Amino acid sequence: GESVGLHLPTLSVQEGDNSIINCAYSNSASDYFIWYKQESGKGPQFIIDIRSNMDKRQGQRVTVLLNKTVKHLSLQIAATQPGDSAVYFCAEATGGNAGNMLTFGGGTRLMVKP
Amino acid sequence: EPEVTQTPSHQVTQMGQEVILRCVPISNHLYFYWYRQILGQKVEFLVSFYNNEISEKSEIFDDQFSVERPDGSNFTLKIRSTKLEDSAMYFCASSPLIRGYTFGSGTRLTVV
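Residues numbered from 1 in each chain as written. Chains lettered and ligands numbered in written order. Predicted model: local features only at pLDDT ≥ 70, side-chain atom pairs only at ≥ 80, totals over all residues. Heavy atoms only, no water.

A. Quick look at the overall build of chain A. The secondary structure content of chain A amounts to zero helices and ten strands. Going from the N terminus to the C terminus, chain A shows its helices and strands as β-β-β-β-β-β-β-β-β-β. Considering chain A as a whole, with its 114 residues, one finds that 44% of them fall into the buried category. For chain A, the computed accessible surface area is about 5400 Å², with 48% contributed by carbon and sulfur atoms. (Helix = DSSP H or I, 4+ residues; strand = E, 2+ residues; numbered from the N terminus. Buried < 20%, exposed > 50% of the residue type's maximum accessible area, 1.4 Å probe, protein only. Areas by Shrake-Rupley, 256 points an atom, 1.4 Å probe, with all protein chains shown as cover.)

Below, the structure is given as structure tokens:
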């Protein structure tokens, strides 16, 4: 299920380091954003979300930052582990209502070196 | 943890044949979705479904596609006459609201 990634940006980090994955979104009306992790042969797995009335949200080992001025979203992973190796997608939605479509970004491949 | 279940995991079909992809959403979810991911490309929205009708669909979701909730547990995507370019991973998802959006593991459709 993952993107083969012939043109997929790749971030390579050492185990234990922090990772920062970036995403530029296009729709200034988007008000809800999600980061997904996709491992080989699996569907997108929810990591963390944020609404546009916030600029930062923290989870367990992950932080999402939202800069609406420049339409930029980032995912920070603390103390990156080999199990974090996957393709990471940001997704955006408008309206915040159920049933609204998610628009996915192109993805970034994270490779964690032991 | 509740899961969205999709069957089959891999479907091979001849061009022009009809296929039905099956999904069992999470039981207390009300909104259901189909997305697809062509190899090497982004995940793309196809359709959302609520209260037994389509609530939103993309340009991809043309007359060859249809969705159905035939009973209280299954949610299906039918492609009437498959084309080579329909080859992709098809993901079902469900949500109680827009938060809590959960994807299944996908069905890999290969049209030959």
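What follows picks up the thread again.
B. Looking closely at the state of the cysteines. All told, the structure shown has two disulfides over all chains when counted by the stated rule. One disulfide in the model links A:Cys23 with A:Cys90; its S-S distance is 1.6 Å. Of this pair, A:Cys23 sits in strand 2 (residues 19–24) while A:Cys90 sits in strand 8 (residues 86–93), and the two are 67 residues apart along the sequence. The residues A:Cys23 and A:Cys90 share a single accessibility class, namely buried. Here B:Cys23 pairs with B:Cys92 through a disulfide, and the sulfurs are 2.0 Å apart. Where B:Cys23 bonds to B:Cys92 through sulfur, the torsion about that S-S bond is close to -65°, and the disulfide is left-handed. On the criterion of sequence distance, the pair formed by B:Cys23 in strand 3 (residues 19–24) and B:Cys92 in strand 9 (residues 88–95) is long-range, its members being 69 residues apart. (Disulfide = S-S within 2.5 Å.)

C. Looking closely at unusual backbone geometry. Following B:Thr7, the chain continues into B:Pro8 via a peptide bond in cis, with omega recorded as -10°. Structurally, B:Pro8 can be placed in the loop between strand 1 (5–7) and strand 2 (10–13). Phi is positive for A:Lys71, which is not a glycine, with a value near 55°. The class of A:Lys71 is partly exposed, set by a relative accessible area of 27%.

D. Summary view of the sheet that holds strand 3 of chain B. All names here are of chain B. One open sheet holds the four strands; their spatial order is 1-3-8-7, and the pairing between them is antiparallel. Looking at the sheet topology across the chains shown, the edges are occupied by strand 1 and strand 7 (65–68). The average undirected angle you get between the axes of adjacent strands in this sheet is 20°. Pairing geometry for strand 3 and strand 8 (residues 75–79), over five bridges, is antiparallel. Pairing of Leu 21 across the sheet is with Leu 77, part of strand 8. (Pairing = 2+ DSSP bridges. Axes fitted to C-alpha atoms, helices over the stretch in contact; angles between N-to-C directions.)

E. Representation of the sheet that holds strand 6 (residues 62–67) of chain A. All names here are of chain A. Within the open sheet, the four strands sit side by side as 2-7-6-5. Their pairing is antiparallel. At either margin of the open sheet sits one strand with a lone partner, and together these are strand 2 and strand 5 (56–58). The average undirected angle you get between the axes of adjacent strands in this sheet is 15°.

F. Representation of the environment of B:Pro2. Structurally, B:Pro2 can be placed in the segment before strand 1. The spatial distance from the C-alpha of B:Pro2 to the C-alpha of B:Ile26 is 6.2 Å, given a sequence separation of 24 residues.

G. Quick peek at the confidence of the model for chain A. All names here are of chain A. Averaged over all residues, the pLDDT of chain A is 89; the fraction at 70 or higher stands at 89%. Within chain A, the lowest mean pLDDT, 92, falls on strand 9 (residues 103–104), and the highest, 98, falls on strand 6. Overall, residues 1–6 carries pLDDT values under 50, and its contacts beyond four positions in sequence, including any with other chains, amount to 25 contacts. (pLDDT = per-residue confidence, 0-100. Contact = heavy atoms within 4.5 Å.)

H. Just the packing of aromatic side chains, in detail. Enumeration over the complete set of coordinates arrives at 18 aromatic pairs over all chains. Between A:Phe104 and B:Phe103, the aromatic rings sit 6.0 Å apart at their centres with planes inclined by 75°, giving edge-to-face as the arrangement. Here A:Phe104, found in strand 9, pairs with B:Phe103, found in strand 10 (residues 102–103), and the two come from separate chains. Residue classification places B:Phe103 among the buried residues on the basis of a relative accessible area of 8%. Measuring from centroid to centroid gives 5.4 Å for B:Tyr35 and B:Phe103, while their planes differ by 65°, and the two rings are edge-to-face. With B:Tyr35 in strand 4 (residues 31–37) and B:Phe103 in strand 10, the pair connects residues that are 68 residues apart, well separated along the chain. (Phe/Tyr/Trp six-rings, centres within 6.5 Å; stacked < 30°, edge-to-face > 60°.)

I. Local environment of the pairing of strand 3 (residues 32–38) of chain A. All names here are of chain A. For strand 3, the buried fraction is high: seven of the seven residues fall into the buried class. Where strand 3 and strand 4 (residues 45–51) come together, six bridges link them in antiparallel fashion. Along strand 4, the bridge assignment pairs Tyr 32 with Arg 51. Linkage of strand 3 to strand 4, two consecutive antiparallel strands, is achieved through a turn of six residues, within which Gly 41 is found at a positive phi near 80°. Here seven bridges tie strand 3 to strand 8, and the two strands are oriented antiparallel to one another. Of the residues in strand 8, the one forming a bridge with Tyr 36 is Phe 89.

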